[in-house]
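Analysis of the macromolecular model
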Amino acid sequence: MNDFREGLLSINLQSIADNYLDLTKRLATGTRCGAVVKADAYGLGMSQVVPALYRQGCRDFFVATQTEGERLRKELGDSVRIVILTGVRAGAELECARAGLMPTLFTLEQLRNWVDICASAKVEAPCAVKIDSGMTRLGMAPEEFDELLKDSQLLHSAEIRLLLSHLACADEPQHPQNDFQLRSFKEAGEKLRALCPEVQLSLANSSGIFLGEDYHFDIARPGSALYGVNPIPGTPNPMRPAVSLSLPIVQKRYVSREQWVGYGATQQIAAGSWLAVARGGYADGIIRAQGGRGCGWAYGRQLPIIGRISMDSTTFDISALSQEERESLQSIEVLNKDLTVDEVAEYAGTIGYEVLTSLGHRYFRRYIKS
Ligand SMILES: Cc1ncc(COP(=O)(O)O)c(C=O)c1O
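None of these values were measured; they are calculated from a predicted model.

Here helix α1 (residues 13–26) spans 20 Å end to end across 14 residues, near enough to the 20 Å set by a 1.5 Å rise per residue. The set of residues buried in α1 consists of Leu13, Ser15, Ile16, Ala17, Asn19, Tyr20 and Leu23. A distance of 3.0 Å separates the backbone nitrogen of Gln14 from a side-chain oxygen at the start of α1, and that oxygen is part of Asn12.

Right, let's talk about the pairing of strand β5 (residues 81–84) for a bit. Side chains Arg81 and Val83 project from β5 onto one buried face, and the interleaved Ile82 and Ile84 project onto a second face that is buried too. Alignment of strand β4 (residues 60–63) against β5, held across 4 bridges, turns out to be parallel. Paired with Phe62 across the two strands is Val83, which belongs to β5. In terms of handedness, the path from β4 via helix α4 (residues 66–76) over to β5 forms a crossover that is right-handed. As defined by bridge partners, β5 adjoins strand β6 (residues 101–105) across 3 bridges and the pair is classed as parallel. Bridge pairing in β6 places Ile82 opposite Leu101. For the crossover that starts at β5, traverses helix α5 (residues 93–98) and ends in the parallel β6, the hand is right-handed.

Another aspect to go through is the sheet that holds strand β8 (residues 159–164). Spatially, β3-β4-β5-β6-β7-β8-β9 is the arrangement adopted by the 7 strands of the open sheet, whose pairing is parallel. Every interior strand has two partners, whereas the edge strands, β3 (35–36) and β9 (200–202), have only one. Pairing of β8 with β9 involves 3 bridges; the strand directions are parallel. Residue Leu164 lies in a different strand from β9, and its bridge partner there is Ser202.

Interface size is often expressed as the accessible area that is lost when the parts come together. Annotation of the protein at the domain level lists domain 1 (13–227) and domain 2 (243–339). Distance between the C-alpha centres of domain 1 and domain 2: 42 Å.

Take the site of the ligand next. If you check the shell around the ligand, you find 14 residues, and the closest are Lys38, Tyr42, Ser206, Ser224 and Tyr353. One of the side-chain N or O atoms of Tyr353 is found 2.6 Å from an oxygen atom in the ligand. Considering the ligand on its own, with 390 Å² of exposed area, one finds that the protein chains cover 93% of that surface. In terms of residue class, the shell around the ligand is built from 5 nonpolar, 5 polar and 4 charged.

We now examine unusual backbone geometry. Its identity as a non-glycine residue notwithstanding, Ala39 has a phi of 50 degrees, on the positive side. Positionally, Ala39 belongs in helix α2 (residues 38–42). The class of Ala39 is partly exposed, set by a relative accessible area of 37%. You will see that Tyr42, though not glycine, has its phi angle at about 55 degrees, which is positive. Position of Tyr42 relative to the elements: it lies in helix α2. Among the residues examined, Tyr42 registers a relative accessible area of 7% and is labelled buried.

Another point: the packing of aromatic side chains. Per the stated rule, a full pass over the model turns up 4 aromatic pairs. Their ring planes at 40 degrees and their centres at 4.8 Å tell us that Tyr42 and Tyr227 sit as a pair that is tilted. Within this pair, whereas Tyr42 is found in helix α2, its partner Tyr227 is found in the loop between β10 (219–220) and β11 (243–255), the two being separated by 185 residues in sequence. For the pair shown, Tyr42 and Tyr227 are each scored as buried. The structure contains a cluster of three or more aromatic residues connected by ring pairs, namely Tyr42, Tyr227 and Tyr353.

Turning our eyes to something else, we now look at the packing of helix α3 (residues 46–55) against α4. Packing of α3 against α4 brings their axes to within 11 Å, and their N-to-C directions diverge by 55 degrees. The angle between the axes of α3 and α4 places the two elements in the oblique class. In the crossing of α3 with α4, the sense of the turn from one axis to the other is right-handed. Mapping the contact onto sequence places Met46, Ser47, Val50 and Tyr54 in α3 and Glu68, Arg71, Leu72, Glu75 and Leu76 in α4.

This part takes up the side chain of Ser202. Mapped onto the secondary structure, Ser202 falls in strand β9. Residue Ser202 is classed as buried on the basis of its relative accessible area of 0%. Discounting chain neighbours no more than four positions away, the residues touching Ser202 are Leu163, Leu164, Ser165, Phe185, Ile219 and Arg221.

With that out of the way, let us pick up the pattern of salt bridges. Pairing between side chains of opposite charge can happen when their charged atoms approach one another. Taken as a whole, this structure holds 17 salt bridges when the rule is applied. We note a salt bridge from Asp18 to Arg240, for which the minimum N-O separation is 2.2 Å. One end of the pair, Asp18, is in helix α1; the other, Arg240, is in the loop between β10 and β11, with 222 residues separating them in the sequence. You can call Asp18 partly exposed: its relative accessible area is 22%. Residue class for Arg240 comes out partly exposed when judged on its relative accessible area of 38%. Salt bridges sharing partners connect three or more residues here, namely Glu6, Arg279, Asp284, Asp312 and Arg362.

Basis of the calculations
Residues numbered from 1 in each chain as written. Predicted model: local features only at pLDDT ≥ 70, side-chain atom pairs only at ≥ 80, totals over all residues. Heavy atoms only, no water. Helix = DSSP H or I, 4+ residues; strand = E, 2+ residues; numbered from the N terminus. Expected span 1.5 Å × (residues − 1). Buried < 20%, exposed > 50% of the residue type's maximum accessible area, 1.4 Å probe, protein only. Polar contact = N/O pair within 3.5 Å; in protein donor to acceptor, adjacent residues only side chain to side chain. Pairing = 2+ DSSP bridges. Right-handed = clockwise from strand over helix to strand, strands pointing away. Domains from an automatic or database assignment. Near = heavy atom within 4 Å. Areas by Shrake-Rupley, 256 points an atom, 1.4 Å probe, with all protein chains shown as cover. Nonpolar A, V, L, I, M, F, W, Y, C, P; charged D, E, K, R; others polar. Phe/Tyr/Trp six-rings, centres within 6.5 Å; stacked < 30°, edge-to-face > 60°. Axes fitted to C-alpha atoms, helices over the stretch in contact; angles between N-to-C directions. Parallel < 35°, antiparallel > 145°, perpendicular 65-115°, else oblique. Left-handed = near helix turned anticlockwise from the far one by under 90°. Contact = heavy atoms within 4.5 Å. Salt bridge = Lys/Arg side-chain N within 4 Å of Asp/Glu carboxyl O.

So, in structure tokens, the structure goes:
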């Protein structure tokens with residue numbers, strides 16, 4: 001049975017809702033704010049996070065896969081728009097359309113198949129089209145998009161509701177790629193709108209919102225900032241932290257002589273130190289690269305992680321605590337408002353997104369509603 005003894009992961013739904021509201025207030029007048037809830041709402045639990053965002057007024061949800069979309073549709077009914085960011089599987093078009101999911105299509109072939117298959121089954125088939133404005137990942141290449149613009153029959157029959165593109169460097173405001181992508185997206189959007197005036201445009205992710213109103217268009221698609229990741233790295237985080245994680249201690253020990261700690265004997269601890277071994281390791285999303293670099297937190301103090309992180313446990317040097325604190329210590333926090341997702345990511349040589357989406361499933365999850 002999963003209980004507090006396996007670690008306590010607290011997810012603050014109120015903070016997520018507040019972050020949503022904060023982002024909506026930053027948007028240009030008339031821009032809607034969607035929410036990216038793929039990968040189980042960045043690991044925090046789509047079934048809990050989505051209702052909190054819905055109550056805050058969000059009606060446009062972006063997921064990565066059809067399975068995620070189907071689950072969300074079941075939970076939320078027909079009142080929301082659900083966009084699948086990675087297209088539709090060949091052969092699954094009718095299933096997708098019948099579930100009321102809007103795929104993001106990024107080749108002409110995909111778009112033609114979508115239109116033909118849905119038209120022959122007389123199923124409504126609204127869709128999104130994604131163009132590559134300079135990231136060179138998913139998206140229609142400019143030449144293919146020009147071909148689409150010339151195909152008036154396809155444009156007439158396709159129910160294109162949304163034109164999307166994704167920014168490669170939005171978290172680096174000075175990067176020239178932002179302006180380049182903005183100009184190519186704007187130009188593409190104007191051309192498509194001249195032919196299909198009802199199409200909405202969407203470019204900005206979390207960091208894109210902070211690049212200014214030019215980037216906002218009709219609908220923004222923030223994900224990470226909702227969950228507390230700093231959308232403007234290098235400057236104070238305007239978002240509220242949404243997670244804290246506390247690992248229970250399973251052993252405390254005094255080290256009487258200088259000793260190597262953990263697998264590989266990579267780090268020594270001085271004679272006279274105190275160690276605490278906590279339940280929670282890389283199988284629980286405590287990223288292994290933090291070994292010997294990261295820290296935990298207790299009694300307002302940082303406690304270094306010593307040696308390599310194991311699959312199920314992490315060892316901390318708790319020598320900095322007083323005897324009384326050491327004796328009463330039951331758990332160590334490895335994520336909290338002072339040890340944020342971004343800081344942990346830095347210790348682990350990764351990004352906050354990976355810290356969140358790695359969070360394990362052995363913890364007791366507590367959802368805070370207010
Ligand atoms: C196409 C697309 N839009 C929006 C987002 C949300 O980005 P962020 O989490 O940086 O806000 C993502 C995330 O990966 C994405 O792939």
